[in-house]
Each structure stands twice: as C-alpha cells, then as structure tokens.
Amino acid sequence: MVHCTINDASEPIQMAMRPRRSVLYVPGDNERAIEKAKTLPADAIIIDLEDSVAPANKELARQQAVAAIRERGFGSHEVILRVNPIETPWGMNDLHAAIAVNPDAILVPKVSQPGDITGTAKVVKAADADPHLRLWAMIETPMGIINARDIAACGPDPDNRLVCFVLGTNDLLKESRARAGSNRFAVVPWLAMTLVAARAYGLDVIDGVYNDFKDDLGFRAECEHGRTLGMDGKTLIHPSQVIPCNEIFSPSEDEVTWARKIIRAFEQPENARKGVITVEGKMVERLHLDMAKRVAGIAEVIAARSRIDEPWF
C-alpha cells in the first residue's frame, strides 16, 4: 500500500474560509447548462468531463469547459473541473487542459489509493501550475473507503494540493450492491469513515447526490442527514436543489448567536488563559471556541456574498 509522508518542515495548505454548501454538477458538453449555472446561488460548480459525458462527446466537453473557465464569468462561484481518469484515452489531455486554464480545483475521479493523488499532483507540479490550483478527490470505490485515511493523509503536504473529498454514493452503491434507502442505512458507515479520516487531516467533505430532483421532501431530509453527519455540503444534479441545500447547510441564526457569545466570552481578559469557562450556565472548552470561530466565519462570508450585487444572487 502506498502511504503519503509528511515532511516535518511542511505546513498544511492554508485556505480562505469559504462555504461549500451547494456543489452543482454541470455536464461539460452542455453549454447552456454551464451558462445557467453562472446565474445560480451555488457555492461551487463542478464542470464534469467524466460520468455525465458520453465517449463521443469527450473532446467537445473539454473544449467547452476550457472556454467557459477561461472566460472567468463565474463571479464568486468556486469552479472545479472533473477530469477523466488518467488511464483513460482522455484523462491526461483533460488534466493538462485543466492545468492550463486554471480552475479553482481539479476533481480527481475514482481515487482509491494515495498514489492517485500524489501522481496527479506530480503532473500538476511538472506543468508549473498556478500555486493556487487545488485538488479534490472523488471517493467512490470500496477501495477508496478502505484507504480513506491514507488518502486524507496526503492533505497536510502542500505539494499534494488536496483540500476536499467528494463522496460518490451512486458508484459506491453500485460497487457494493447495497440498496439505497431513505435513511441511507447501508452507506452511513462509509460516509462516517470517510468524514472522520478527512477531518483528521483538515479536509472538507461534500456529500453525494440525491437522484430524484423532483422529491423536495426527500432531498431536504437527506441534506439534514448529511449535515448531522458533519458534511460541509452536498453535490447536486439540478438547479432546483441549490436553494434548499444552501438553507440547510448554512449556520442557523441561533447557531451564529451562540458562536459569537462563545467568542466574546473567551475574549474577556479574565478568560484569556483558561481552557474551560462557563457561558450562560454551560461548560465551554477551547475546542468549542474553534468551532464557534468557524461557524461565525462561514456566516460572515455567506452574509457578505448576499450583499454583493451579482446576478446569481
């Protein structure tokens, strides 16, 4: 098994705090859908060259995706390009095209072992890519789940550029022969294993898609389920899913209020060196301060975006 090693002198990649509540897939060969995505309030857009594109359209999809990203018309959206696996006839050309056009991140599909990330990172480095270009990893195979810890361990090494896991639940169901149920009973262990591995190494985690985009109640329930598990957001297949997803994965008003109370309490001089304090009769530790800062920070970013006069808001 290949393991990632972390140089003691290396520092983890420092990313600006940004919400990844709603992450919308858009087929690379659907120019109209790409243009539509620019007007939607999704936090991130994945332009897909892989699963949603038929083999006959792979070249067209790459051309259209590259042209769209080069135009830089996505506003505050985070733009990710999902390439085909390197071992396919299109993969290496996809990767070099992505590096040249410089999206926010490249989504590496079917990551099953650390070498899938380190190998891609070496190609990115050799091509003298922009230092801000990041890698996201699709965890969508049984081997990917088994190796989630070792894959996540690539994250702290800045040379690997890894910042996020994306769950491919449809592929996991297919490969495992499990049944998809309303409570996701079969997949919860895999989701939890992957999430804990990611968090151990400072990565974000995005939940898998909900296929029935006309089932609003079912979709909302699965969003709530994902948030309860600790997901940062959810991948989406239809524009109608964006707004409810944003609502559910945003900190509530009560959560933000409580977070700010914790922050203010620890800012008091008498609490500056304390590890544990009491806030409104509740015991609060410094780990809660870290959580509070993230909640407040994400809320501030969301609020700032909502004030920006952009078409997609």
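Structural notes, computed from the coordinates. (Residues numbered from 1 in each chain as written. Predicted model: local features only at pLDDT ≥ 70, side-chain atom pairs only at ≥ 80, totals over all residues. Heavy atoms only, no water.)

### A word on the environment of Asn-183
In plain terms, the rule: Helix numbers and strand numbers start at the N terminus; a helix is a DSSP run of H or I with at least 4 residues, a strand a run of E with at least 2. Two residues qualify as a contact provided that any one of their heavy atoms is within 4.5 Å of a heavy atom in the partner residue.
With respect to the secondary-structure elements, Asn-183 resides in the loop between α7 (169-176) and α8 (188-200). In contact with Asn-183, not counting residues within four places along its chain, are Val-188 and His-225.

### Brief notes about the nonpolar core
For clarity, the cut-off: Here, the term nonpolar core denotes a set of buried Ala, Val, Leu, Ile, Met, Phe, Trp, Tyr and Cys residues that are joined through side-chain atoms within 4.5 Å. Each residue is placed in one exposure class: buried if its accessible area under a 1.4 Å probe, protein chains only, is under 20% of its type's maximum, exposed if it is over 50%, and partly exposed if it falls in between.
If you look at the biggest cluster of nonpolar residues, it comprises 62 residues, and the most contacted ones within it are Ile-47, Ile-99, Ile-106, Ile-117, Ile-139 and Phe-165. Among all residues touching Ile-106, those that are not within four sequence positions of it are Ile-80, Leu-81, Val-83, Leu-95, Ala-98, Ile-99, Leu-133, Arg-134, Leu-135 and Trp-136. Among the nonpolar cores identified, the runner-up in size contains 14 residues, and Ala-44, Leu-107, Trp-136 and Cys-164 belong to it.

### A few points about the packing of aromatic side chains
Aromatic ring pairs: the centre-centre distance and the angle between the two ring planes describe each pair. The criterion, for reference: Any two rings among Phe, Tyr and Trp, with Trp reduced to its six-membered ring, count as a pair given centres within 6.5 Å; such a pair is stacked if its planes are under 30 degrees apart, edge-to-face if over 60, and tilted if neither. As a reminder, the over-ring test applies to NZ of lysine and CZ of arginine, requiring each to be within 6 Å of the ring centre and within 35 degrees of the ring normal.
Summed over the entire model, instances satisfying the criterion amount to one aromatic pair. If you follow Lys-282 out to its NZ or CZ, it ends over the ring of Trp-258, 5.0 Å from the centre.

### Comments concerning the packing of helix α3 (residues 91-101) against helix α4 (residues 114-126)
Helix-helix packing is described using two parameters, namely the angle between the two axes and the distance between the axes. As a reminder, the rule being used: In this description, a line fitted to the C-alpha atoms serves as the axis of each element, helices being fitted only across the stretch in contact, and the angle between N-to-C directions of two axes falls anywhere from 0 to 180 degrees. We call two directions roughly parallel when the angle between them is under 35 degrees, roughly antiparallel when it is over 145, roughly perpendicular when it lies between 65 and 115, and oblique otherwise. Put simply, a crossing is left-handed when the front helix is turned counterclockwise from the back one by less than a right angle, and right-handed when it is turned clockwise. The nonpolar class holds Ala, Val, Leu, Ile, Met, Phe, Trp, Tyr, Cys and Pro. Asp, Glu, Lys and Arg form the charged class, and all remaining residues, Gly among them, are polar.
Between α3 and α4, the shortest axis-to-axis distance is 10 Å and the interhelical angle comes to 50°. With respect to α4, the axis of α3 lies oblique. The two elements α3 and α4 cross, and the hand of that crossing is right-handed. Every residue of α4 that contacts α3 at Met-92, Leu-95, His-96 and Ile-99 is listed here: Thr-120, Val-123 and Val-124. Tallied by class, residues from the contact of α3 with α4 come to five nonpolar, two polar and no charged.

### A word on the state of the cysteines
Here is the rule: Note on terminology: pairs of cysteine sulfur atoms within 2.5 Å are recorded as disulfides.
Evaluation of the coordinates by the stated rule reveals zero disulfides. Of all cysteine sulfurs in the structure, the one in Cys-245 sits closest to Cys-164, which takes part in no disulfide; the separation is 13 Å. Counting only cysteine sulfurs, Cys-245 is the nearest neighbor of Cys-223, a cysteine outside any disulfide, at a range of 4.3 Å.

### Some thoughts on unusual backbone geometry
Of note, Arg-177 is a non-glycine position whose phi angle comes to about 65°, a positive value. For Arg-177, a relative accessible area of 78% corresponds to the exposed category.

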